[in-house]
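Spelled out, the chains give:
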Amino acid sequence: WGHPCEMCPAQPHPCRRGFIPNVRTGACQDVDECQAIPGICQGGNCINTVGSFECKCPAGHKFNEVTQKCDDIDECSTIPGICDGGECSNTVSSYFCKCPPGFYTAPDGLKCIDVRPGYCFSSLTNGRCGNQLPQPLSKMQCCCDSGRCWSPGAATAPEMCPIRSTDEYRKLCIVAALLPARPDLPPGRPDVIPPPLLPGVYPPQQPEIVYPSRAPPPHVILPVNFTDYCQLFRHLCLNGRCIPTPGSYRCECNKGFQLDVRGECI
């Protein structure tokens, strides 16, 4: 308007963010961002909401606010102490631990367990290890029961076992959850399975475990072919879908259900 020409003042937008005026009626209507914005929520499931949208990313992914896409989580660089004693390899949605010879992947998939047979000593007097047990035991079998020192071989000086209630002891000895007996477990199967891996929670919370004394922890070393817990335990993930992961599993819940703190669908 006017001479010389001036811009008119900007008109306030008649609708709040996430809404647009209807061409015919002028009333504010919701914008379906999933349809309107090309490439939004790539790699995930876009759900339109009133005035906005949600991006549901698959497990092992997180939503990137800048690119508006689902990015794979690199567990190897984000989880402290992952694959302790081995090498971590990131995969799409997950990861796996490559363990050196003489080590097995723990049931929770988060570390390498030393299963080399060695010498176990049941006494420690004035800093000297004594009373060597006759049978060869792994460090875990020795130190998590009644052993005080352990050595991987005759030519190697024995090392002290970690003191109970320390982080080092928990790291060595707490490897799987001992679940209560379940009537729906198939007969002849071990009733020891790791807790499910919750999406976005790494590592899973370790429960307190009381092992029976004078006996090695039950079912500590699982056979290599026991990796698919979904096939092994048919009762997992009620009201959802069981997804096997290295050394564990996770649940993807059916519509209308969500994960609780134990990783079960409620």
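Everything below is about the structure shown above.
This report concerns the structure included in the present document. (Residues numbered from 1 in each chain as written. Predicted model: local features only at pLDDT ≥ 70, side-chain atom pairs only at ≥ 80, totals over all residues. Heavy atoms only, no water.)

1. Things to note about the overall build of the protein
Moving on, step 1. Secondary structure summary: the protein contains 5 helices and 16 strands in total.
Moving on, step 2. Taken across its 266 residues, the protein has 35% of its residues classed as buried.
Moving on, step 3. Looking at the protein alone, contacts between residues at least 24 apart form 40% of all its contacts between residues at least 6 apart.
Moving on, step 4. Summed over all atoms, the accessible surface of the protein reaches about 16,500 Å², with 55% contributed by carbon and sulfur. (Helix = DSSP H or I, 4+ residues; strand = E, 2+ residues; numbered from the N terminus. Buried < 20%, exposed > 50% of the residue type's maximum accessible area, 1.4 Å probe, protein only. Contact = heavy atoms within 4.5 Å. Areas by Shrake-Rupley, 256 points an atom, 1.4 Å probe, with all protein chains shown as cover.)

2. What to know about the pairing of strand β11 (residues 119-125)
Moving on, step 1. Direction of pairing for β11 relative to strand β13 (residues 149-151): antiparallel, over a ladder of 3 bridges. Looking at the pairing, Cys120 lines up with Trp150 of β13.
Moving on, step 2. Of the pairings in the sheet, the one linking β11 to strand β12 (residues 128-132) comprises 4 bridges and is antiparallel in character. Bridging from a neighbouring strand, Leu124 pairs with Cys129 of β12. (Pairing = 2+ DSSP bridges.)

3. Remarks on the pairing of strand β15 (residues 240-245)
Moving on, step 1. Here 6 bridges tie β15 to strand β16 (residues 248-253), and the two strands are oriented antiparallel to one another. Along β16, the bridge assignment pairs Gly240 with Cys253.
Moving on, step 2. Count of turn residues in the β15/β16 antiparallel hairpin: 2 residues, of which Gly247 carries a positive phi of about 75°.

4. Details of the nonpolar core
Moving on, step 1. Core analysis: the largest hydrophobic core is formed by 13 residues, its most contacted members being Met140, Cys142, Cys143, Cys144, Leu172 and Cys173.
Moving on, step 2. Taken together, the elements giving at least two residues each to this core come down to α3 (139-143) and α4 (167-173).
Moving on, step 3. Among the nonpolar cores identified, the runner-up in size contains 10 residues, and Cys230, Phe233, Tyr249 and Cys265 belong to it. (Core = buried A, V, L, I, M, F, W, Y, C linked by side-chain atoms within 4.5 Å.)

5. Let's talk about the sheet that holds strand β14 (residues 159-160)
Moving on, step 1. The 4 strands are arranged β12-β11-β13-β14 in an open sheet whose pairing can be described as antiparallel. Each edge of the sheet is formed by a strand with only one pairing partner; in this case those strands are β12 and β14.

6. Considering the side chain of His61
Moving on, step 1. With respect to the helices and strands, His61 occurs in strand β5 (residues 61-64).
Moving on, step 2. Only 3.4 Å separates the side chain of His61 from the backbone oxygen of Ala59, close enough to count as a polar contact.
Moving on, step 3. In this structure the side chain of His61 is engaged in a polar contact, spanning 3.5 Å, whose partner is the side chain of Ser93.
Moving on, step 4. Excluding residues that lie within four positions of it along the chain, His61 makes contacts with Cys70, Asp71, Asp72, Ile73, Val92 and Ser93. (Polar contact = N/O pair within 3.5 Å; in protein donor to acceptor, adjacent residues only side chain to side chain.)

7. A few points about the environment of Ala106
Moving on, step 1. Position of Ala106 among the secondary structure elements: in the loop between β9 (103-105) and β10 (112-114).
Moving on, step 2. Taking C-alpha positions, Ala106 is 9.1 Å from Cys83, a pair spaced 23 residues apart along the chain.

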